Amino acid sequence: MARILVIEDEQDLGSLLEYNLKADGHQTEVARTGAAAIARYRAFKPDLVLLDLMLPDISGSEVARLIREGESRRVPIIMVTARGEETDRVKGLELGADDYVVKPFSVKELLLRVRNVLRRQGDGAAEAATQGAVSSSGEIMLDRERHEVKVGGRAIVLTALEFRLLKTFLERPGRVQTRETLLSDVWGIDAEITTRTVDTHIKRLREKLGSAGNVIETIRGVGYKLVS
Ligand code: CA
């Protein structure tokens, strides 16, 4: 049972989602513009946001940025895009969306994504409680609870994806992670995204970590490994 804010300007789709999410036991509210969404977000304090990328006033990616800005609590976002909005989708994932669905989608698929994202969120909290909130390797320190990464005591800004990628490496030191494993464990989806995506994100993550990024070693033809 979660509080879900649906941001969707197509009235029929908004009502359909609201109906089904409620039927699935969630408390649901719908906002039809970006401006309304920001206001509802603050008042409703949702546990999860379903965000349409094409809104009549502000773009969905801008809404995501505004929601994330200056927030300590990290609320998961599922992006909803129309087919062909490839760049927006990638931008969305980089802005910290936790998952995305492409229109037209089945309600069943969407409900499944919602459950997965909520479960992942719950696992993260449980993990932090049992294992302690902090993982580290060399100069790198990752705080699961505060969603914070520091290198040599200095905070660095990672996207949600880069954070999950680094967390995965820190939890599996010395073990080779194939691109396929990373795709399924970090991205949680297999459709449309290629293994090249993994390489691109590893490259960016290494750049952000600076010289400390050398702990992530390339295993040629196989994948990557955290050396400790
Ligand atoms: Ca729309």
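Anyway, here's the lowdown on the structure attached to this text. Keep in mind that what you see is a predicted model, and the values were worked out from it rather than measured.

What counts, and at which threshold
Residues numbered from 1 in each chain as written. Predicted model: local features only at pLDDT ≥ 70, side-chain atom pairs only at ≥ 80, totals over all residues. Heavy atoms only, no water. Core = buried A, V, L, I, M, F, W, Y, C linked by side-chain atoms within 4.5 Å. Buried < 20%, exposed > 50% of the residue type's maximum accessible area, 1.4 Å probe, protein only. Helix = DSSP H or I, 4+ residues; strand = E, 2+ residues; numbered from the N terminus. Contact = heavy atoms within 4.5 Å. Pairing = 2+ DSSP bridges. Axes fitted to C-alpha atoms, helices over the stretch in contact; angles between N-to-C directions.

1. A short note on the nonpolar core
Core analysis: the biggest nonpolar cluster contains 25 residues, and Val149, Leu166, Leu209 and Ile216 have the highest contact counts within it. Going through the elements one at a time, β7 (140-143), β8 (148-151), α6 (160-171), α7 (179-187), α8 (195-209) and β12 (223-226) are the ones with two or more residues in this core. Take this core: its biggest share by element is six residues, from α6. In this view, Leu209 contacts Ile140, Val149, Val151, Ile156, Leu166 and Ile216; residues no more than four positions away in its chain are not counted.

2. Considerations on the sheet that holds strand β2 (residues 27-31)
Spatially, the five strands line up as an open sheet ordered β2-β1-β3-β4-β5, and their pairing is parallel. Of all strands in the sheet, those with a lone pairing partner are β2 and β5 (99-103), marking the two edges. On average, each strand axis in the sheet is inclined to that of its neighbour by 15°, with strand direction left out of account. Across the sheet, helix α1 (residues 11-23) touches β1 (3-7), β2, β3 (48-52) and β5, and the angle it forms with β2 is around 170°. Lying over the sheet, helix α3 (residues 60-68) contacts β1, β3 and β4 (77-82), oriented at roughly 155° with respect to β3.

3. Focus: the pairing of strand β11 (residues 216-219)
Successive residues of a regular strand alternate their side chains across the two faces of the sheet. In this structure, β11 lies alongside β12, joined through four bridges in antiparallel fashion. By the bridge assignment, Ile216 is partnered in β12 with Leu226. Taken together, β11 and the strand that follows it, β12, pair antiparallel across an intervening segment of three residues, in which Gly221 is found at a positive phi of about 75°.

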